[in-house]
Structures are given as C-alpha cells and as structure tokens.
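What the coordinates show
Each chain, written out:
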Amino acid sequence: MNTSPKKTFQILTLSGGGYRGLHIAQVLEIIEERIEGRIARHFDLIAGTSIGGIIALALSLEIPARDIRQTLEDLGPSLFPRKPPDFATVRKVLGQSSLFSRLWHAYRNKAALEAEEKDTRAAWYDPKPLREALSAPNYFGTRLIKDLSHPVIIPAVNYSTGLPKFFKTDHHHSFTFDRDLPIIDVALGTAAAPIYFPVHKVQDWRIVDGGLIANDPTQVAVHEAMMFFGIRPPLFGDSSTGSDDLRVLSIGTLSPKHFADIGKPLNQGMLDWGTSVFDLAGSAQEAMSAFMVDRHMLPNKVIRLPSLEGRPEKAPGLADVSAASTEYLRGSARHLAQSAFGRPDFNELFKHTGRTLPQVRTNIAMDDK
C-alpha cells in the first residue's frame with residue numbers, strides 16, 4: 001500500500017503551429033497580467049513543440065509573455081516574407097489539354113516555372129531572422145539548457161536516426177547529455193519544419209520539427225511526469241493506480257478541424273494536398289491526445305484552450321502573417337483567456353507553486369546520497 005503523501009504536479013503544454021504561436025503568446029500574456037507574475041512559477045514541467053517549444057524555453061527563462069508576444073508579432077513578416085508557394089504556373093501548364101499547349105505555356109512562362117522549381121529543391125523560408133531574434137542577450141543568447149530555471153521537455157525528430165528526440169533539462173539523475181546544449185539550437189531544431197525550414201544541425205545530429213510526432217506534447221509530458229518525476233495519479237478513473245493530483249493546462253494554436261473538401265477527387269496528388277497535410281496531421285494528433293489523455297487517462301484534469309470541440313473550422317495558415325491573421329489570433333486568444341478565468345479549476349492552477357529546476361536538482365542530490 002502506498003503511504004507516501006499526495007503530490008500536486010502541474011504541467012503546461014504548448015502546441016506547434018508556425019505564426020499561429022502568436023495565439024499561445026497572447027493567452028500567456030493575458031494570464032501573466034491577471035496573476036501579476038510569471039506563469040512558469042506555477043508549473044512543475046513545461047512542454048512545447050515547434051513554436052510552442054520556443055515559447056516554452058523562453059518561459060523557463062522567465063522572459064515575460066508580453067515580450068514573447070511582441071517579438072513574434074514583430075518577427076512574423078521577416079520570417080515569412082511571402083505566402084507558401086501554390087505552384088500556380090505548374091498547375092496552369094499541367095492543366096493544358098495537349099502536349100503542344102503544355103510546351104507552349106511552359107515556354108511563355110519560363111521564368112515563373114524556374115522560380116517554382118527552386119521551391120521544389122530548397123526550403124521555402126530562411127530561419128536567419130528567427131536565429132537573430134533568439135540570439136539576443138534578452139532571449140537565449142549563448143545560454144545552455146542547464147541555465148533554464150524550470151524543467152522542460154521539447155519534442156523533436158532526429159532525422160539522422162529516424163527516432164524521436166526529446167530535449168530535456170536535467171530533472172532526472174540519468175539526464176546528463178542535453179544540459180550542455182545551447183538553448184538556441186534546441187529551439188531551432190524543434191521548429192525546423194520540413195519544406196518550410198532547413199534541417200537544423202545539433203552536434204552531429206540532423207534535427208527536424210517535433211510536430212511530426214507530437215504537435216501537441218500533452219501525452220509526452222504526462223508520460224514524463226509519471227516516468228521521471230514519480231507522479232502517480234488515478235488513471236482511467238481508477239484510484240488504485242495512485243492519488244497524486246496531476247493537472248495539465250494545454251494551450252493550442254487554433255489547429256482547424258479541417259474537414260475534407262468533398263469537392264476534390266479522391267485521388268489527389270502532391271499539388272492537391274499542398275501544405276494542408278501539415279494542418280491535417282497536427283489537428284488529428286491534437287484530437288488523439290485530447291481523447292486519450294483528457295477523456296480517458298486523466299478525466300477532468302486537463303484544461304485545453306481551445307477545447308477539442310471549440311477548435312475553429314478554419315484558421316490562418318502556418319505562415320500567414322497578415323494583419324487579418326494577427327487580429328484573428330489575438331482576438332481569439334483574448335476571448336479564450338478571459339473565459340478561462342471564469343472557471344474555478346483554471347484559477348486553482350495559479351494557487352500552486354511549481355518546483356524550480358534548482359530545487360529539483362537539490363532533491364535529486366539528496367535522493368542519490
């Protein structure tokens with residue numbers, strides 16, 4: 001029989017979604033304004049993927065959410081200076097009825113075709129503006145993972161091995177490798193979305209976007225809490241598995257429900273799918289996480305903004321930095337955050353004080369003696 005005292009453990013999870021990360025940052029800014037403090041101090045573990053991973057790392061350094069939101073808003077146009085290519089010229093040429101017509105249109109649109117060809121051979125966007133912003137002394141600068149103030153886990157994919165890679169602080173005695181990695185490399189690695197950005201090199205590994213495996217990192221973070229922090233909550237409504245109070249606040253990037261366009265044929269190719277496959281994958285993975293964790297593993301212990309049912313039918317694209325997109329993302333965030341403060345369980349989250357990374361290290365040292 002487990003006689004150890006009941007623990008309260010809180011997790012903050014932040015999803016991926018390109019410029020839609022502005023939605024996360026705006027929610028966090030409103031929360032910090034309301035609680036008059038840093039949100040990281042109320043959580044024992046912060047998990048983030050892609051842009052959510054970058055924000056998670058910044059929160060762990062206790063960079064104000066207001067600064068994060070402003071940086072994202074300012075950075076957007078330089079990071080995404082154009083819309084993702086739609087290969088309109090290729091479509092036009094291939095849409096001609098005869099070989100002669102195709103050759104004629106290809107000849108007349110040679111320059112446009114050459115430009116579109118480049119977009120098939122290289123990443124669409126240069127991460128240089130992002131690197132420069134994150135390299136600033138008031139952001140990550142030259143600091144290492146061991147310099148973070150709060151425990152984090154950041155999903156990515158090791159393209160070199162074909163395996164998941166979870167970058168972690170040294171919140172367990174066996175975690176000794178990632179602590180000396182530059183924070184900026186972890187940030188650029190988890191956000192290196194294929195096609196959008198080049199692969200990012202971290203030491204001898206080629207790292208790509210964590211959204212390929214865990215765009216919503218809630219499942220990953222719950223596993224981390226149970227496996228490496230020793231948290232034992234009631235699972236699947238069964239109190240015999242433990243009595244610890246494990247709570248999760250999950251903030252998303254408005255991944256759309258993305259119902260199929262019934263006007264399109266069943267047999268679609270690369271040009272038909274386009275970048276919509278990223279939204280579809282992210283949305284479906286987020287829904288899977290919500291079903292498995294929120295409804296089954298930890299019923300009534302996960303607050304999701306927005307809820308699974310509350311996700312929009314459509315949302316701005318990952319690289320849509322237009323004024324309309326910015327207004328939509330910030331407006332939705334304000335509505336969700338203000339509504340959340342009307343929930344007793346949401347307000348309860350900010351009565352808890354999470355353990356800092358130095359405190360976790362102290363406990364590890366004591367346990368190892």
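Residues numbered from 1 in each chain as written. Predicted model: local features only at pLDDT ≥ 70, side-chain atom pairs only at ≥ 80, totals over all residues. Heavy atoms only, no water.

1. A few points about the overall build of the chain
From N to C terminus, the chain includes 15 helices and 8 strands. Taking 21 Å as the expected radius of gyration for a compact globule of 369 residues, we find that the chain reaches 22 Å, a close match to that expectation. Dimensions of the chain, computed from the C-alpha atoms along their principal axes, are close to 80 × 40 × 40 Å. The proportion of buried residues among the 369 residues of the chain is 50%. Sequence-distant contacts in the chain: of pairs separated by 6 or more residues, those separated by 24 or more amount to 77%. (Helix = DSSP H or I, 4+ residues; strand = E, 2+ residues; numbered from the N terminus. Rg over C-alpha atoms; globule rule 2.2 N^0.38 Å. Buried < 20%, exposed > 50% of the residue type's maximum accessible area, 1.4 Å probe, protein only. Contact = heavy atoms within 4.5 Å.)

2. Things to note about the side chain of Thr 169
The topology assignment puts Thr 169 in the loop between strand 4 (163–168) and helix 8 (183–190). A polar contact of 3.1 Å, which involves the side chain of Thr 169, links it to the backbone nitrogen of Val 152. A distance of 2.7 Å separates a polar atom in the side chain of Thr 169 from a polar atom in the side chain of His 171. In this structure Thr 169 touches Ile 145, Leu 148, His 150, Pro 151, Val 152, Phe 175 and Leu 357, once residues within four positions along its chain are discounted. (Polar contact = N/O pair within 3.5 Å; in protein donor to acceptor, adjacent residues only side chain to side chain.)

3. Brief notes about the pattern of salt bridges
Considering all chains together, one arrives at 22 salt bridges under this definition. Here Glu 33 makes a salt bridge to Arg 66, at a shortest N to O gap of 3.9 Å. Of this pair, Glu 33 sits in helix 1 (residues 21–35) while Arg 66 sits in helix 3 (residues 65–79); the two residues are 33 residues apart in sequence, bridging distant segments of the chain. Glu 33 gets classed as partly exposed once you look at its relative accessible area, which sits at 46%. Between Glu 117 and Arg 121 there is a salt bridge; the shortest N-O distance is 3.0 Å. On the criterion of helical spacing, the pair formed by Glu 117 and Arg 121 is a turn pair, its members being 4 residues apart in helix 6 (residues 110–121). Within the structure, one salt-bridge network assembled from shared partners comprises Glu 29, Glu 33, Arg 66, Arg 69, Glu 73 and Arg 330. (Salt bridge = Lys/Arg side-chain N within 4 Å of Asp/Glu carboxyl O.)

4. Remarks on the nonpolar core
If you look at the biggest cluster of nonpolar residues, it comprises 71 residues, and the most contacted ones within it are Leu 12, Ile 55, Leu 57, Phe 140, Leu 249 and Phe 346. Apart from residues no more than four positions distant in its own chain, Leu 12 is found in contact with Leu 28, Ile 39, Phe 43, Leu 45, Ile 46, Ala 47, Leu 59, Leu 249 and Ile 251. Ranked by size, the runner-up nonpolar core spans 20 residues in total, among them Ile 11, Val 220, Met 226 and Val 293. (Core = buried A, V, L, I, M, F, W, Y, C linked by side-chain atoms within 4.5 Å.)

5. With respect to the packing of helix 1 against helix 13 (residues 323–340)
Where helix 1 contacts helix 13, the two axes come as close as 8 Å, and the packing angle between them is 40 degrees. The orientation of helix 1 relative to helix 13 falls into the category oblique. Read as a crossing pair, helix 1 and helix 13 show a hand that is right-handed. Contacts from Leu 22, His 23, Gln 26, Val 27 and Ile 30 of helix 1 reach helix 13 at Thr 326, Leu 329, Arg 330, Ser 332, Ala 333, Arg 334, Leu 336 and Ala 337. (Axes fitted to C-alpha atoms, helices over the stretch in contact; angles between N-to-C directions. Parallel < 35°, antiparallel > 145°, perpendicular 65-115°, else oblique. Left-handed = near helix turned anticlockwise from the far one by under 90°.)

6. A look at the UniProt feature "short sequence motif: GXGXXG" (unreviewed entry) in the chain
Sites flagged by UniProt as "short sequence motif: GXGXXG" (unreviewed entry) map to residues 16–21. Taken end to end, residues 16–21 is 17% helix and 0% strand, and its two terminal C-alpha atoms sit 7 Å from one another. (UniProt positions renumbered as here; feature names shortened; annotations may be inferred.)

7. Topic: a nonpolar patch on the surface
Residues Phe 100, Trp 104 and Tyr 107 make up a contiguous nonpolar surface patch of roughly 440 Å² in combined accessible area. With respect to the secondary-structure elements, Tyr 107 resides in helix 5 (residues 99–108). Using a relative accessible area of 61% as the deciding quantity, one classes Tyr 107 as exposed. (Patch = residues over 30% accessible without salt bridge, like charges linked within 9 Å, V, L, I, M, F, W, Y side chains within 5 Å. Areas by Shrake-Rupley, 256 points an atom, 1.4 Å probe, with all protein chains shown as cover.)

8. Considerations on unusual backbone geometry
Residues Leu 305 and Pro 306 are joined by a peptide bond in cis, for which omega reads 0 degrees. With respect to the secondary-structure elements, Pro 306 resides in the loop between strand 8 (302–305) and helix 13. The phi dihedral of Ile 195 falls on the positive side, at around 80 degrees, and the residue is not glycine. Considering the arrangement of structural elements, one finds Ile 195 in the loop between helix 8 and strand 5 (200–202). For Phe 236, which is not a glycine, the phi torsion comes out positive at approximately 55 degrees.

9. A short note on the packing of aromatic side chains
Applying the stated criterion to the full structure yields 12 aromatic pairs. For the pair Trp 124 and Tyr 196, a centre-to-centre distance of 5.5 Å together with 65 degrees between the ring planes defines the contact as edge-to-face. You can see Trp 124 sitting in the loop between helix 6 and helix 7 (128–134) and its partner Tyr 196 sitting in the loop between helix 8 and strand 5, a full 72 residues away along the chain. Their ring planes at 50 degrees and their centres at 6.2 Å tell us that Tyr 125 and Phe 197 sit as a pair that is tilted. With Tyr 125 in the loop between helix 6 and helix 7 and Phe 197 in the loop between helix 8 and strand 5, the pair connects residues that are 72 residues apart, well separated along the chain. A network of ring pairs unites the aromatic residues Phe 80, Trp 124, Tyr 125, Tyr 196 and Phe 197 as a single cluster. We note Arg 34 situated over the ring of Phe 341; from NZ or CZ to the ring centre the distance is 4.7 Å. (Phe/Tyr/Trp six-rings, centres within 6.5 Å; stacked < 30°, edge-to-face > 60°. Lys NZ or Arg CZ within 6 Å of the ring centre and 35° of its normal.)

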